[in-house]
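# Results of the structural survey
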Amino acid sequence: MSAVAASPPDPPAGLDSAEARRRLAADGPNALPGGSHQSLLRIALKVLVEPMFLLLLVAGGLYLALGDRAEAAFLLASVLLVIGITLAQERRTQRALEALRDLSAPRALVLRDGSRQRIAASEVVRGDLLVLGEGDRIAADALLREGLLEVDESLLTGEAVAVTRLPEGEHARVHASTVVTKGRGLAEVVATGTATAVGRIGLALAATRETPSRMQRASARLVRTLAVVAVLLAAGYSLLRWLWDGAGLVDSILAGIALSMAILPEEIPVILTVFLAMGAWRMAHHQVLTRRMAAVEALGAVTVLAVDKTGTLTQNRMRLMALALAGDKHMHVGDAPALPGRFAGLVRGLLLATPVAPFDPMEQAIRDYAGRHAAALDLAAEPAPVREYPLSPAVLAMTRAYPTAEPGQFVLAAKGAPEAIVALCQLDPPAAATALAQVEAMAVQGLRVLGVADACWDGPAWPASQRDFHYRLLGFVGFGDPPREGVPAAVADCRQAGVRVLMLTGDHPVTARAIAGQIGMAPDRVPLTGDRIDALDDDALRAQLRQVDVCARLRPEQKLRLVRLLQQDGEVVAMTGDGVNDAPALKAADIGIAMGERGTDVAREAAALVLLDDSFASIVRAIRQGRRIYDNIVNATAYVFAVHAPVIALALMPALLHWPMLLLPVHIVLLELVIDPACSLVFEAEPEAPDVIRRPPRPPAETPFAPAKLAYALAQGGGLAVILLCGCGVLLWQGRGAGEARTVMFVGLVACLLLLVMVRRQRRGAATPGQGNRWLFVMLAGLAGMLAVALGVPAASRLLALARPGLVSAGVAAAMVLVLVGWLAVLPVAVRVLRRGWPAGRAARDHARN
């Protein structure tokens, strides 16, 4: 039969309703602030004043003024697309705060007016008495006044093991949004809303702002510069033709428009938009969801991967990892397929000390282990206990008593803190020291250890305390949160890619160090703890961070500080996590990566990337994709500048050389119809280079728009421009008409479009012209068709002001194309020869690699 403990004294009456209403009016609801909403119009206007989008609007307006509605519609549609993306991103902070509010318990059981009342969590106020039980989500920060609780705080602290909360001392505080896993209690609310621990995280998240990526800032600077240059040169060129060359006003304005269109590289914002959007779409096929487009290009520059342990490197699920019999130095591994007979008594005692339907994760792990080895335990039917001694502040152990076949005889099973179990067994000092040494040996492996003991009882009355039984120590069991499958291989891949892995966790340093050793990180480095971090100033902490792989016992604000210090030290930081405590650091990092399945809503909303399959290995795939995307952006950007160089020359030089106008706006429009698809389709679809994951991350400050990066492309384009101008000059010097010279120029420009694509692909390792990219054949067919229509259809020839080439013109065109091919073949050889003798050759090679 079961004995019932004495009834506890009546709980206090709690607040009266009038006082609760007064405090609610004074402090506000127990919820996070919703944040201010910006109107859609205001957000759209902020986007439109960005230089790159002003460039798109200006270019679209020019095309519209020239009557080319198709090209204008394409550019203006790009603006609308980017506005839509930005509107979605501006909503992310609001959604993150809403997710934080949703984590708060929707209802709470409180004592008011002397009775229990179920109220909305938002109505909880300071001084309320919360009635807490197993499975409850705590509504506010509170101090435990009565009872004993075990609380899962992993969403807040990152520690997988539930913590014990007692009515006295520093362990009395319980936090909002954490979950009671065991026990019952009464807690007095001391903080609500933004004054709670989770509320402070929400405020930090709201205060953390996303900054534009380096590529976005570099493109903005480039666009501003080119826009000013284009306007000034176009105005000056129009005046030059009108006043000095004697051209008509309309022709002069058209020439200025043609020059501005040649200078304005409207493909640049299109490249960024299309490549990043397509990259996000491709990454989704690898189970990586992109929530912030800038993160796609930043992946290739990641130098530090700051990893949260619980739920990211580990499964966030307790498992029985080791068993040790009393006095035996050898441990049995919990993952072994069979349970040796000599351990059956230990596991049987552990099982009998565990409730049948537990809520506690460790007790669930015990039930799971016993279920897998039920045959070895020889328990046909588990008996019902007749007496229970629960965990208490005085004895951190629990005992359950069961009847035996002999009337009046009972067997007892106890489990609990190792020190408490050793004390219950009343061992002599040498035996106690041996037992505690066993516990220490298991604890240094990062295991949470429980002691197990049994006893017999045949007395007439049950004693009041567990201490009155004569226990026999059975042994110890160790629990752990095991690493995810594939994590060690992914860590090795990160090391090969030059990406440093840094573990940031709220868990114990011993546990964190043990997990680090299991996944292939350096286990010999001493972890940096939260207390040590608080004692260091920023400079000292930056220096210390360069020498550690694990940071343990961290608070949320410390993770955020570490991320920012790494960024100040020149690192590009990708931060992974799945808990509430990770959200501010996820948002502040260059790339925040959340877990999609086990992660909290807060982490997913704050992150730039979400791993849909929760696989750490997906991070390596994401880095690989990010590097491929950046390589393709570099190639496409270089292609744009190389193509625009001859176009600018052919638009500018005729006026200076007193030639007739060769390049007309309609030619540029037609060429753009090829250049745009070449950038957005051909280069975007390029497969990754063979060494994409073996080379180190690119320098953080590197962009595709740096002068050193574009120098080679401009040299290519400059040489092509000289060759085209020479071909046209030969024909005009021979007295050929402007139409024939214009035809040769047009054929040469079309050849440049194709040759530059082939050359850029060859530089990144493509062995054959169409290897891995079917869009190249589409482009080749399009160019051939365009030439055939332009030269073979009279109406098209008249529209383009082209003349059918004669024998001499055809010969000049053929010779010019051969020279173009020769120039593109000789240039890289000449550059390599020059670099061998150049003092800064190594730096030059690094800058011009792509």
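Scroll up for the structure.
Note that this is a predicted model, so its numbers are computed, not measured. (Residues numbered from 1 in each chain as written. Predicted model: local features only at pLDDT ≥ 70, side-chain atom pairs only at ≥ 80, totals over all residues. Heavy atoms only, no water.)

## Let's talk about the overall build of the chain
Within the chain one finds 32 helices and 22 strands. Out of the 850 residues in the chain, the part that is buried amounts to 54%. Excluding contacts between residues fewer than 6 apart, the proportion of contacts in the chain whose partners are at least 24 apart in sequence is 73%. (Helix = DSSP H or I, 4+ residues; strand = E, 2+ residues; numbered from the N terminus. Buried < 20%, exposed > 50% of the residue type's maximum accessible area, 1.4 Å probe, protein only. Contact = heavy atoms within 4.5 Å.)

## Structural notes on the pattern of salt bridges
Going through the model one piece at a time under the given rule, you end up with 20 salt bridges. Put simply, Asp27 and Arg126 hold a salt bridge, and the shortest N to O gap is 2.7 Å. Here the residue Asp27 occupies a position in helix 1 (residues 17-27), and Arg126 occupies one in the loop between strand 2 (115-120) and strand 3 (129-132), the gap between them amounting to 99 residues. Note that Arg319 is salt-bridged to Asp335, the shortest N-O span being 2.2 Å. Pair noted here: Arg319 is in strand 10 (residues 319-325) and Asp335 is in the loop between strand 11 (331-333) and helix 13 (344-352), with a separation of 16 residues, a long-range link. Here Asp335 falls in the partly exposed class, since its relative accessible area comes to 43%. (Salt bridge = Lys/Arg side-chain N within 4 Å of Asp/Glu carboxyl O.)

## A word on the sheet that holds strand 14 (residues 410-416)
What the seven strands build is an open sheet, ordered 11-10-16-15-14-13-12; its pairing is antiparallel. Both edges of this open sheet fall to strand 11 and strand 12 (387-389), since each of them pairs with a single strand only. Mean inter-strand twist for the sheet, computed between neighbouring axes without regard to direction, equals 20 degrees. Packed on one face of the sheet, helix 13 meets strand 10, strand 13 (397-403), strand 14, strand 15 (448-457) and strand 16 (472-480) and runs near 75 degrees to strand 16. Where helix 17 (residues 429-443) meets the sheet, its contacts fall on strand 10, strand 11, strand 15 and strand 16, and the angle it forms with strand 16 comes to roughly 10 degrees. (Pairing = 2+ DSSP bridges. Axes fitted to C-alpha atoms, helices over the stretch in contact; angles between N-to-C directions.)

## Description of the sheet that holds strand 21 (residues 591-595)
In spatial order, the strands read 8-22-21-20-9-17-19-18; together these eight strands make up an open sheet with mixed pairing. Since the sheet does not close on itself, it has two edges, and those belong to strand 8 (288-290) and strand 18 (528-529), each with one partner. Where strand 9 (residues 304-308) meets strand 17 (residues 500-504), five bridges bridge the pair, whose relative direction is parallel. Bridge pairing in strand 17 places Leu305 opposite Val501.

## Overview of helix 18 (residues 487-496)
Within helix 18 the residues assigned to the buried category are Val487, Ala490, Val491 and Cys494. Buried residues in helix 18, looked at end-on, bunch into an arc of 100 degrees, giving them a common side. Buried residues along helix 18 sit against strand 9, helix 12 (309-313), strand 17 and helix 25 (617-656). At the C-terminal side of helix 18, Gly498 shows a positive phi close to 80 degrees. (Arc of directions from axis to C-beta.)

## Some details on the packing of helix 25 against helix 27 (residues 707-733)
For the pair helix 25 and helix 27, interaxial distance at closest approach is 8 Å and the crossing angle is 35 degrees. The element helix 25 and its partner helix 27 pack so that their crossing is right-handed. Between helix 25 and helix 27, the residues in contact are Val634, Thr637, Ala638, Phe641, Ala642, Ala645, Pro646, Ala649, Leu650 and Met653 and Lys709, Leu710, Ala713, Leu714, Gln716, Gly717, Gly718, Leu720, Ala721, Leu724 and Leu725, respectively. For the contact of helix 25 with helix 27, the class distribution of residues is 16 nonpolar, four polar and one charged. (Left-handed = near helix turned anticlockwise from the far one by under 90°. Nonpolar A, V, L, I, M, F, W, Y, C, P; charged D, E, K, R; others polar.)

## Digging into unusual backbone geometry
Its identity as a non-glycine residue notwithstanding, Asp113 has a phi of 55 degrees, on the positive side. Within the element layout of this structure, Asp113 appears in the loop between strand 1 (107-112) and strand 2. Owing to a relative accessible area of 43%, Asp113 belongs among the partly exposed residues under this scheme. Even without glycine at this site, Gln426 takes up a positive phi of about 50 degrees. Within the secondary structure, Gln426 sits in the loop between helix 16 (418-424) and helix 17. We classify Gln426 as exposed; its relative accessible area is 52%.

## Digging into the packing of aromatic side chains
With the rule as written, the count across this model stands at seven aromatic pairs. Ring geometry for Tyr639 versus Phe683: centroids 5.2 Å apart, planes at 55 degrees, classification tilted. Pair noted here: Tyr639 is in helix 25 and Phe683 is in helix 26 (residues 665-683), with a separation of 44 residues, a long-range link. Each member of the pair Tyr639 and Phe683 is classed as buried. One aromatic cluster is present, built from ring pairs that chain together Tyr389, Phe410, Trp457, Trp462, Phe469 and Tyr471. (Phe/Tyr/Trp six-rings, centres within 6.5 Å; stacked < 30°, edge-to-face > 60°.)

## Let's talk about a nonpolar patch on the surface
Nonpolar side chains collect at one region of the surface, where Leu239, Trp242 and Leu243 lie side by side and expose about 340 Å² of accessible area between them. Checked against the element boundaries, Trp242 lands in helix 8 (residues 214-244). Trp242 sits in the partly exposed class, given a relative accessible area of 41%. (Patch = residues over 30% accessible without salt bridge, like charges linked within 9 Å, V, L, I, M, F, W, Y side chains within 5 Å. Areas by Shrake-Rupley, 256 points an atom, 1.4 Å probe, with all protein chains shown as cover.)

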